[in-house]
Amino acid sequence: GSLLGNIYTVSGKNSYGPIVLLVGISSDGKLVSIEFLENGQSYSSEVQAHVDSKYSSGLTLSDVNSIDTKCGATYGANTVKELVQIAFNDYNGGAK
């Protein structure tokens, strides 16, 4: 009967294709999980590997803001980071 957190569907697109994510944020404002609904990036496996290695359960918005997006698919990594930030910003009532 109590709220465990929120799940956000966020989407974006860059010159390498679309990304649609489910972002789970716990009731205490920490990342639970990120799941791809669509990963249409040209370098989708690199984007997936980046997410798997950088986005772990328990991260806060501050932690996400500090994630280095330099990888084999930097545009995709930047798009993912922006989408996760959008979810956190909504969770925080629009505050950045």
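Residues numbered from 1 in each chain as written. Predicted model: local features only at pLDDT ≥ 70, side-chain atom pairs only at ≥ 80, totals over all residues. Heavy atoms only, no water.

Draft legend 1. How the structure looks around the overall build of the chain. When helices and strands are counted, the chain shows 3 helices and 3 strands. Going from N to C terminus, the chain has its helices and strands arranged as β-β-β-α-α-α. Here the chain has a C-alpha radius of gyration of 13 Å; the compact-globule value for 96 residues is 12 Å, and the two agree. When the backbone C-alpha atoms are referred to their principal axes, the chain occupies close to 40 × 25 × 20 Å. Classification of the 96 residues of the chain by burial places 39% in the buried group. Relative to all contacts within the chain whose residues are 6 or more apart in sequence, the contacts with residues 24 or more apart total 48%. (Helix = DSSP H or I, 4+ residues; strand = E, 2+ residues; numbered from the N terminus. Rg over C-alpha atoms; globule rule 2.2 N^0.38 Å. Buried < 20%, exposed > 50% of the residue type's maximum accessible area, 1.4 Å probe, protein only. Contact = heavy atoms within 4.5 Å.)

Draft legend 2. Up close: the sheet that holds strand 2 (residues 17-26). The antiparallel open sheet is built from 3 strands, whose spatial order is 1-2-3. Looking at the sheet topology across the chains shown, the edges are occupied by strand 1 (5-14) and strand 3 (31-39). In this sheet, adjacent strand axes meet at a mean angle of 20 degrees when their direction is disregarded. Two strands pair when backbone bridges link them, and strand 2 and strand 3 are joined in this way by 7 bridges, in the antiparallel orientation. (Pairing = 2+ DSSP bridges. Axes fitted to C-alpha atoms, helices over the stretch in contact; angles between N-to-C directions.)

Draft legend 3. The environment of A77, seen in detail. Mapped onto the elements, A77 comes out in helix 3 (residues 74-91). Classification of A77 as buried rests on a relative accessible area of 0%. For the pair A77 and V51, spaced 26 residues apart in sequence, the C-alpha separation works out to 7.6 Å. Ignoring sequence-local partners within four residues, the contact set of A77 consists of H50, Y55, T69 and C71.

Draft legend 4. Main features of the side chain of N14. Along the polypeptide, N14 turns up in strand 1. Within the structure, the side chain of N14 is placed 2.7 Å from the backbone nitrogen of Y16, a separation counted as a polar contact. Excluding its chain neighbours within four sequence positions, the residues that come into contact with N14 are Q41, Y75, G76 and T79. (Polar contact = N/O pair within 3.5 Å; in protein donor to acceptor, adjacent residues only side chain to side chain.)

Draft legend 5. Up close: the confidence of the model for the chain. In this model, the chain carries a mean pLDDT of 95, and residues with pLDDT of at least 70 account for 98%. Summarising per-element confidence for the chain, the mean pLDDT is lowest in helix 1 (residues 44-54) (96) and highest in strand 2 (98). (pLDDT = per-residue confidence, 0-100.)

Draft legend 6. Examining the pairing of strand 2 more closely. Buried residues dominate strand 2, accounting for 8 of its 10 residues. Relative to strand 2, strand 1 runs antiparallel, the two being bridged by 10 bridges. Bridge assignment links S11 to a residue of strand 2, and that residue is V20. In textbook terms, the turn of a hairpin is the stretch between consecutive antiparallel strands, and for strand 2 and strand 3 this stretch comprises 4 residues, one of which, G29, has a positive phi near 80 degrees.

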